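# A structural walkthrough
Chain residues, written in single-letter form:
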Amino acid sequence: MQLSDQEIIRRNKLKKLLLLGIDPYPSATYPINITIKEIFENYEEGKKISIAGRLMSMRIMGKTSFADIQDDSGRMQIYVIRDEISQDTYNIIFKKLLDIGDIIGVKGFIFKTKLGEITIWVKELCLLSKSLRPIPPVKIDSHGKMHYNFSNPEQRYRMRYVDLIVNKHIKDIFIKRNQIIQFIRQYFNKKGYIEVETPILHPIPGGAIAKPFVTYHNALNIPLYLRIANELYLKRLIVGGFKGVYEFAKDFRNEGMDRIHNPEFTILELYVAYKDYYWMMDFIDSMIENMLLSIIKSTKIKINNNNTINFKAPFIRIPILKAIKQHTNLDISKMDKETLLKNCKKLGINTTHDMDKGKIIDEIFSEKCEKHYIQPTFIIDYPIEMSPLTKKHRNNKYLTERFELIINGQEIANAYSELNDPIDQLERFKEQIKIYNKNESNIDYDFIRSLEFGMPPTAGIGIGIDRLVMLLTKQNSIQEVLLFPQMKPEKF
């Protein structure tokens with residue numbers, strides 16, 4: 001790998017530091033007694049401080065030097081006088097052996113400059129880690145604001161460590177992601193629901209129809225599948241007697257990638273005994289409303305296309321057949337597969353004859369209806385062909401007790417009154433096997449056995465955490481809310 005001119009210069013400085021007896025990567029810990037944010041929030045003239053962070057700019061002016069240091073909490077100015085520092089500190093600064101991006105430790109006291117800027121008067125500075133690569137250069141926009149020249153999405157996703165250094169708002173996205181997850185966790189815990197962990201390696205690709213990633217276990221001499229869903233394991237725990245269980249799970253699907261799909265994604269699944277999908281709608285819209293009030297301090301957010309979304313509960317509820325009728329003028333409630341396909345052709349919806357009826361209906365809704373639901377909306381009462389794990393509707397045997405939560409034209413959650421009839425469940429699994437031309441060994445017979453011991457009436461929901469974070473942080477791409485999204489391998 002060929003070094004750039006800047007990288008060669010930095011490596012030469014590294015050699016000079018070593019010749020001066022200065023360790024560019026000392027192993028000792030560094031004492032930190034305050035953060036930059038705390039300095040600004042609680043200004044105290046003359047207060048002695050010790051901080052550490054990354055050097056972000058430097059200006060040497062004769063016998064003095066100004067620089068900016070950035071830690072986990074913020075960025076501030078430091079000030080150095082040549083005659084007040086040790087020989088090592090002098091060598092590091094005034095022999096110009098420091099570079100932008102170096103990690104330094106600073107001891108001194110707080111004061112204000114003549115211009116009123118809170119600054120650290122440095123008495124001691126040490127190098128903690130020499131940066132051998134330059135961080136991106138600063139550019140000035142048309143409004144006179146400084147930005148780092150590091151905006152190419154592919155570069156940013158590959159080198160998230162640089163992205164986090166120079167683009168402050170990126171870190172804020174992941175802080176908010178953490179706040180969302182922690183809020184949900186605490187909300188569920190207060191209700192008495194138990195957080196659990198279920199297997200990532202599955203003996204069969206069960207719980208959903210998706211293409212799995214396949215691996216092999218040498219000791220057992222069997223193929224294993226990275227989970228595409230954790231649903232069936234969680235429902236086994238309801239059979240076992242838990243009143244409510246949930247899991248923040250990493251699921252994996254070996255399918256396409258786009259702005260809302262990554263092969264590895266985070267799903268939250270919750271199952272609560274003796275509840276149904278009506279209860280779940282009430283529970284979820286209340287939880288989301290409270291989340292907004294806790295994290296954003298409002299139930300309203302304005303998203304990039306200037307729509308204002310109001311998360312005040314209760315959310316709208318619309319049957320899916322009514323939604324399709326409204327946006328396509330089609331009553332599909334009694335249409336067979338062939339009629340559906342003909343109407344899809346008229347509507348310009350791409351379908352194929354090997355699609356089952358449920359998939360065709362799903363395509364109609366996705367193409368013609370979903371984009372219209374900007375405000376939080378529960379689309380409810382799905383046809384039975386679309387919902388193999390869902391309990392039949394109590395008032396209509398052709399429908400199921402299922403809802404999807406649509407916000408800003410995008411599915412955020414999927415929920416059921418769970419099917420707990422083992423005979424009906426087995427028949428639906430067998431029907432799926434026929435439709436998707438799968439082997440009967442793909443049926444989870446152990447799950448059927450668990451249902452035969454009796455599962456209470458149960459409400460279940462899966463929430464796409466990545467999509468929820470996209471929404472609440474106003475991002476248009478799933479890659480923006482994943483620290484390390486999947487990328488093609490880079491050639492070095």
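Each chain carries its own residue numbering, running from 1 in the direction its sequence is written. Totals for whole chains, interfaces and linings use all residues, but because this is a predicted model, local features are given only for residues with pLDDT of at least 70 and pairs of side-chain atoms are given and counted only at 80 or more. Only heavy atoms go into the side-chain values, all of them from the structure, while hydrogens and water stay out.

## So, helix α8 (residues 277–295)
Working definition: helices are DSSP H or I runs of at least four residues, strands are E runs of at least two. Numbering for both runs from the N terminus. Helix span, expected: 1.5 Å multiplied by one less than the number of residues in the helix. Relative to the 27 Å expected for 19 residues at 1.5 Å per residue, α8 spans 26 Å between its end C-alpha atoms, a close match to the ideal helical length. Summary of the burial criterion: residues with accessible area below 20% of their type's maximum are buried, those above 50% are exposed, and those between are partly exposed, where the area comes from a 1.4 Å probe applied to protein chains only. Within α8, the full set of buried residues consists of Y277, M280, M281, F283, I284, D285, M287, I288, E289, M291, L292 and I295. Here a polar contact is taken to be a pair of N or O atoms separated by no more than 3.5 Å, where protein atoms must pair a possible hydrogen donor with a possible acceptor and residues adjacent in sequence count only if both atoms sit in side chains. Where α8 begins, one side-chain oxygen reaches toward the backbone nitrogen of Y278, 3.1 Å away; that side chain belongs to D276. K297 lies just past α8 and shows a positive phi near 70°.

## A look at the layout of surface pockets
Roughly 720 Å³ of internal volume is contained in the second largest pocket. Here a cavity denotes a set of grid points, spaced 1 Å apart and computed over the protein atoms alone, in which a 1.4 Å probe fits but from which it cannot get out, and a pocket denotes an open set meeting protein on both sides within 12 Å along at least five of seven lines; residues with an atom within 4 Å of a point are reported as lining. What lines the second largest pocket is a set of 26 residues, and nearest its centre among them are Q70, D71, L164, I165 and K168. Contributing elements (two or more residues each) for the lining of the second largest pocket: β1 (48–61), β7 (146–148), α5 (160–166) and α6 (168–190). The biggest single contributor to the lining of the second largest pocket is α6, with six residues. Along the lines of polarity and charge, the residues of the lining of the second largest pocket split into 11 nonpolar, seven polar and eight charged. Grid points are joined across faces, edges and corners, and a volume is the space filled by probe spheres set on the points. Lys, Arg, Asp and Glu make up the charged group, whereas Ala, Val, Leu, Ile, Met, Phe, Trp, Tyr, Cys and Pro make up the nonpolar group; the residues left over, Gly among them, are polar.

## Considerations on the sheet that holds strand β13 (residues 264–273)
The strand order across the open sheet built from eight strands is β8-β12-β13-β20-β19-β18-β17-β16, with neighbouring strands paired in mixed fashion. Looking at strand neighbours, the two that pair on one side only are β8 (194–195) and β16 (316–319), the edges of this open sheet. Strands pair, by our definition, only if DSSP identifies at least two bridges between them. As paired strands, strand β17 (residues 377–380) and strand β18 (residues 402–407) are joined by four bridges and run antiparallel to one another. When the bridges of β18 are listed, I380 appears paired with F403. Where helix α7 (residues 231–239) meets the sheet, it contacts β12 (244–252), β13, β19 (410–417) and β20 (458–464), and its direction lies at approximately 25° from that of β13. Residue contacts are counted whenever heavy atoms from the two residues lie within 4.5 Å of one another. Here an axis means a line fitted to C-alpha atoms, over the contact stretch when the element is a helix, while the angle between two N-to-C directions is reported on a 0 to 180 degree scale.

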